[in-house]
Amino acid sequence: MLVYLNGEFTSRDKAAISVNDRGFLFGDGIYEVIRVVNGRMFRLEAHLLRMDRGLKGLEIPFSASQRKELVSVMEKLVVENKLQKGEGTIYLQITRGAALPRTHAYPSSDTPPTVMLMASPFVPDTDILEKGGHAITVPDIRWSRCDLKTINLLPNVMAAQEEKKRSAGGVLMVRDGYITEGYKNNVFAVFDGTLWTYPDSPYILSGITRDVVFEIAKEKGVPVKLTPISEKEIRKADEVMLTGTITDIQPVVSIDGRRIGVGRPGPIAKMLQKGLRHRMDTE
Ligand code: PDD
């Protein structure tokens, strides 16, 4: 497996970062996960725009030429890791770089960022996509800048561990009584034929897949309502689903042991799955 680290391509087990790296010491960096389908990077420009917003939000200096280089790096990783056919992902991480002494405030702006990219094969979980998942709710204990895709993921990691411990399929995070999102996906619910989801806000990540859902909904004439859904309301939804780059559109058939709708993936989730698949296969 070939990875890219700070200008060089090396094998995954040889690539190493400094112990002074601010990503390692402070979680001071951002990341993106991009879906690769038959060698094509799905919605790459949208991911790069979100990356730009993250870098700007954290004031990590990154030049236009550095940004441009990322695209050719990704193309090379796709070929070298034999992802021209089938499914894969590209993981991209940029940290504020290595700096001494360890001080919380940002180091000098000429500190070179650490840039790492890797590409891996990906196997969608077809079973849960077809049958839906039994989700749980957990308190959303994250900070107030969830709109930035930072590598500070401990609350997400803990939510995922809770899912695993309880053999669940999906997690809905709850802040002040309202469902924000999942630990690696956004949440949609259907009420009387209308799709509801949390509005763009510092409390959620505006997902690229979420935008694709908006597009498909518009094309199919399904109204979308941007509004927080309370924990109480969502239990009465006709359908609930999770959306994300490595989640696709995953129906939720129960929440905390209580059935959602008829307890099977609903027509809107299925329609959105088809629309997403079509776009991933043809764009
Ligand atoms: N997660 N919300 C959170 C908290 C996420 O971490 C993600 C993505 C999403 C969905 O965004 P998108 O549709 O752009 O993938 C929503 C990535 C895939 C991850 O952490 O692996």
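Refer to the structure printed above.
About the thresholds
Residues numbered from 1 in each chain as written. Predicted model: local features only at pLDDT ≥ 70, side-chain atom pairs only at ≥ 80, totals over all residues. Heavy atoms only, no water. Pairing = 2+ DSSP bridges. Helix = DSSP H or I, 4+ residues; strand = E, 2+ residues; numbered from the N terminus. Contact = heavy atoms within 4.5 Å. Axes fitted to C-alpha atoms, helices over the stretch in contact; angles between N-to-C directions. Phe/Tyr/Trp six-rings, centres within 6.5 Å; stacked < 30°, edge-to-face > 60°. Buried < 20%, exposed > 50% of the residue type's maximum accessible area, 1.4 Å probe, protein only. Lys NZ or Arg CZ within 6 Å of the ring centre and 35° of its normal. Parallel < 35°, antiparallel > 145°, perpendicular 65-115°, else oblique. Left-handed = near helix turned anticlockwise from the far one by under 90°. Nonpolar A, V, L, I, M, F, W, Y, C, P; charged D, E, K, R; others polar. Expected span 1.5 Å × (residues − 1). Salt bridge = Lys/Arg side-chain N within 4 Å of Asp/Glu carboxyl O.

## Section: the sheet that holds strand 5 (residues 87–95)
Reading across the sheet, the 6 strands line up as 2-1-6-5-3-4 and stay open at both edges, with antiparallel pairing between neighbours. Only two strands of the sheet have a single neighbouring strand rather than two, namely strand 2 (8–11) and strand 4 (40–41). Bridge count for strand 3 (residues 29–37) against strand 4 is 2 bridges, and the pairing is antiparallel. Its bridge partner being in strand 4, Val 37 is matched across the sheet by Arg 40. Each of strand 3, strand 4 and strand 5 is contacted by helix 2 (residues 44–57), which is oriented at about 180 degrees to strand 3, the strand it contacts most. In the packing of helix 8 (residues 267–282) onto the sheet, the strands contacted are strand 3, strand 4 and strand 5, and the crossing angle to strand 3 comes to about 85 degrees.

## Some points on the packing of aromatic side chains
Scanning the model with the defined rule gives 4 aromatic pairs in all. Aromatic side chains Phe 191 and Trp 196 sit 4.5 Å apart centroid to centroid with 50 degrees between the ring planes, which places their arrangement in the tilted category. Assigned by exposure class, Phe 191 and Trp 196 land together as buried. In this structure, Arg 96 packs its charged tip against the face of Tyr 106, placed 3.4 Å from the ring centre.

## A word on the packing of helix 6 (residues 208–220) against helix 8
Helix-helix packing is characterised by the crossing angle of the two axes and by the distance between the axes. Contact geometry for helix 6 and helix 8: axes closest at 10 Å, N-to-C directions at 110 degrees. What the angle tells us is that helix 6 and helix 8 run roughly perpendicular. Handedness of the crossing formed by helix 6 with helix 8: right-handed. Side by side, helix 6 and helix 8 meet where Thr 209, Val 212, Val 213, Glu 215, Ile 216, Ala 217, Glu 219 and Lys 220 of the first sit next to Met 271, Leu 272, Gly 275, Leu 276 and Arg 279 of the second. A per-class count over the contact of helix 6 with helix 8 returns 7 nonpolar, 2 polar and 4 charged.

## Considering helix 5 (residues 154–165)
Here helix 5 spans 16 Å end to end across 12 residues, near enough to the 16 Å set by a 1.5 Å rise per residue. Elements in contact with the buried residues of helix 5: strand 7 (133–139) and strand 8 (171–175). Downstream of helix 5 by a residue or two, Ser 167 has a phi angle that is positive, lying close to 50 degrees.

## Overview of the pattern of salt bridges
This model, assessed by the stated rule, comprises 23 salt bridges. With its nearest N and O atoms 2.6 Å apart, the salt bridge here joins Asp 127 to Lys 131. Taken as a pair, Asp 127 and Lys 131 lie in helix 4 (residues 126–131) at a separation of 4 residues, close to a single helical turn.

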